Amino acid sequence: MRVTNSGTPAPLAGGPSSNEGVAAPAVGSAGPALQATVVESEVLKPAQAALASLPEIDQGKVAALREALAKGEIRFDANRLAQLIQRYHGGHS
């Protein structure tokens, strides 16, 4: 079988064309790892929903940083930023 993007198994060429005789595992008989994953996902749902509701960019913080840069309250080191970007992406700095 091959897994497609839809998440539904699709038979491979030359393989059986149906799933007759293949029993799906019962929810109660899932292994401990699967049960832990289900519990974990239920616990994380409220946090994931809260995170999804946040804007991707906090415009208030962006404005505050721009203002602080303009006033000279914080300093910007382009060379340091470049080094950090290279290190993050696997460069040798």
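See above for the structure.
Residues numbered from 1 in each chain as written. Predicted model: local features only at pLDDT ≥ 70, side-chain atom pairs only at ≥ 80, totals over all residues. Heavy atoms only, no water.

Some thoughts on helix 3 (residues 78-88)
For helix 3, the N-terminal cap is D77; the gap from its side-chain oxygen to the backbone nitrogen of N79 is 3.2 Å. Residue G90 follows helix 3 closely and has a positive phi angle near 90 degrees. (Polar contact = N/O pair within 3.5 Å; in protein donor to acceptor, adjacent residues only side chain to side chain. Helix = DSSP H or I, 4+ residues; strand = E, 2+ residues; numbered from the N terminus.)

Focus on helix 2 (residues 59-71)
Relative to the 18 Å expected for 13 residues at 1.5 Å per residue, helix 2 spans 18 Å between its end C-alpha atoms, a close match to the ideal helical length. For helix 2, the N-terminal capping position is held by D58, with its side-chain oxygen 3.1 Å away from the main-chain nitrogen of G60. One or two positions beyond helix 2, positive phi appears at G72, with a value near 80 degrees. (Expected span 1.5 Å × (residues − 1).)

Thoughts on the pattern of salt bridges
All told, the structure shown has three salt bridges when counted by the stated rule. Notably, a salt bridge pairs K45 with E42, separated by 3.1 Å at the nearest N-O pair. Of this pair, K45 and E42 both sit in helix 1 (residues 32-53), separated by three residues, roughly a single helical turn. With a relative accessible area of 45%, K45 lands in the partly exposed category. Accessibility expressed as a relative area gives 46% for E42, which makes it partly exposed. (Salt bridge = Lys/Arg side-chain N within 4 Å of Asp/Glu carboxyl O. Buried < 20%, exposed > 50% of the residue type's maximum accessible area, 1.4 Å probe, protein only.)

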